[in-house]
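# Descriptive analysis of the structure
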Amino acid sequence: MFFKGDEVFVYTTDGGGCAGIISHITSKGVYLYTGGKKDKYFRADEIDRMVSHNWND
């Protein structure tokens, strides 16, 4: 289970992925803060898996 503020890596069904901090969770997907101007949105149906990611390690 993940919560707002968690550092995660999202793996997508198309083989891609992205690391970031969860900024919003909706009923249809999640938004990740990746350091850019706009948060990256992932729909629930395109997420293959999501794992904890710690940049301090």
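## Some details on the pairing of strand β3 (residues 29–33)
As defined by bridge partners, strand β2 (residues 17–25) adjoins β3 across 4 bridges and the pair is classed as antiparallel. Bridge pairing links His 24 to Tyr 31 in β3. Counting the residues between successive antiparallel strands, the hairpin from β2 to β3 contains 3 residues. The antiparallel hairpin formed by β3 and strand β4 (residues 40–43) contains 6 residues in its connecting segment, where Gly 35 sits at a positive phi of about 100°.

## Quick look at the pattern of salt bridges
Under the criterion given, the structure shown has 2 salt bridges. Note that Asp 45 is salt-bridged to Arg 43, the shortest N-O span being 3.1 Å. Given a relative accessible area of 58%, Asp 45 falls into the exposed group. Glu 46 serves as the salt-bridge partner of Arg 43, at 3.9 Å between the closest nitrogen and oxygen. Salt bridges sharing common partners tie together Arg 43, Asp 45 and Glu 46.

## Observations regarding the side chain of Thr 12
Counting through the fold element by element, Thr 12 comes out in strand β1 (residues 7–12). On the accessibility criterion, Thr 12 (12% relative accessible area) is buried. Excluding residues that lie within four positions of it along the chain, Thr 12 makes contacts with Gly 17, Phe 42, Glu 46 and Asp 48.

## Describing the nonpolar core
Val 8, Val 10, Cys 18, Ile 22, Val 30, Leu 32, Phe 42 and Ile 47 together form the largest nonpolar core, which totals 8 residues. Of all the secondary structure elements, the ones that give two or more residues to this core are β1, β2 and β3. Apart from the residues lying within four places of it in its own chain, the contact partners of Leu 32 are Val 8, Val 10, Cys 18, Ala 19, Gly 20, Ile 21, Ile 22, Ser 23, Asp 39, Lys 40 and Phe 42.

Basis of the calculations
Residues numbered from 1 in each chain as written. Predicted model: local features only at pLDDT ≥ 70, side-chain atom pairs only at ≥ 80, totals over all residues. Heavy atoms only, no water. Pairing = 2+ DSSP bridges. Helix = DSSP H or I, 4+ residues; strand = E, 2+ residues; numbered from the N terminus. Salt bridge = Lys/Arg side-chain N within 4 Å of Asp/Glu carboxyl O. Buried < 20%, exposed > 50% of the residue type's maximum accessible area, 1.4 Å probe, protein only. Contact = heavy atoms within 4.5 Å. Core = buried A, V, L, I, M, F, W, Y, C linked by side-chain atoms within 4.5 Å.

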